[in-house]
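Overview (structure and organization)
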Amino acid sequence: SNITKFYNKKVYILEVINYSKYFSIHFIYNGKPYIVNSKDQELFLSIHRYNKFPLIFKISPYVRSNKNNIRTRA
């Protein structure tokens, strides 16, 4: 699945697997299991801010601002 389908939705994350160039998120949404891949390290760090899995997490995109190239969470 594509991660953009799940932006601004709460998902039940079971595990996050880190690879050399990307990471994989295994989660459940509406009773169905999904696996998505992402290269966004800020998303990776925001998920790993919590120490325990499984957790309920709202996936939201990072938006690049035109002023000083600042990235903020939408």
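Data block above holds the structure.
A brief structural summary. Here the structure is a predicted model, which means the values were calculated and not measured.

A general trend in soluble globular proteins is that nonpolar side chains are found buried together. Ile13, Val16, Ile25, Phe27, Leu43, Ile47 and Phe57 are the most contacted members of the largest nonpolar core, which totals 16 residues. Secondary-structure elements contributing two or more residues to this core are strand E1 (9–18), strand E2 (23–29), helix H1 (41–47) and strand E4 (55–59). Sort the elements by how many residues they give to this core and E2 lands first, with four residues.

Another aspect to go through is the sheet that holds strand E3 (residues 32–38). Spatially, four strands are ordered E3-E2-E1-E4 in an open sheet, and the strand pairing comes out antiparallel. Pairing within the sheet leaves two strands with one partner each, and these edge strands are E3 and E4. Each strand of the sheet is rotated relative to its neighbour by a mean of 45 degrees, with strand direction disregarded. Strand direction decides the pairing type here: E2 and E3, joined by seven bridges, are antiparallel. Each bridged residue has a counterpart across the sheet, and for Ser24 the counterpart in E3 is Asn37.

Next up on the list: unusual backbone geometry. Residue Pro54 is bonded to the preceding Phe53 through a cis peptide linkage, with omega at 0 degrees. One non-glycine residue with positive phi stands out, namely Asn8, at about 65 degrees. A positive phi angle, near 55 degrees, is found at Asn30, a position not held by glycine. With respect to the helices and strands, the residue Asn30 is situated in the loop between E2 and E3. Here Asn30 falls in the exposed class, since its relative accessible area comes to 64%.

Another aspect to go through is the packing of aromatic side chains. Considering all chains together, one arrives at seven aromatic pairs under this definition. Taking 5.6 Å as the distance between ring centres and 75 degrees as the angle between the ring planes, the aromatic pair formed by Phe6 and Tyr29 counts as edge-to-face. Residue Phe6 is located in the segment before E1, and its partner Tyr29 is located in strand E2; the two are separated by 23 residues in the primary sequence. Classification of Phe6 as buried rests on a relative accessible area of 5%. Judged by its relative accessible area of 19%, Tyr29 is buried. Between Phe23 and Phe44, the ring centres sit 5.1 Å apart and the planes meet at 55 degrees, which makes this aromatic pair tilted. Note that Phe23 is positioned in strand E2 and Phe44 in helix H1, a separation of 21 residues in sequence. Ring pairs connect the aromatic residues Phe6, Phe27, Tyr29 and Tyr34, which therefore count as one cluster.

Quick notes on the rules
Residues numbered from 1 in each chain as written. Predicted model: local features only at pLDDT ≥ 70, side-chain atom pairs only at ≥ 80, totals over all residues. Heavy atoms only, no water. Core = buried A, V, L, I, M, F, W, Y, C linked by side-chain atoms within 4.5 Å. Buried < 20%, exposed > 50% of the residue type's maximum accessible area, 1.4 Å probe, protein only. Helix = DSSP H or I, 4+ residues; strand = E, 2+ residues; numbered from the N terminus. Pairing = 2+ DSSP bridges. Axes fitted to C-alpha atoms, helices over the stretch in contact; angles between N-to-C directions. Phe/Tyr/Trp six-rings, centres within 6.5 Å; stacked < 30°, edge-to-face > 60°.

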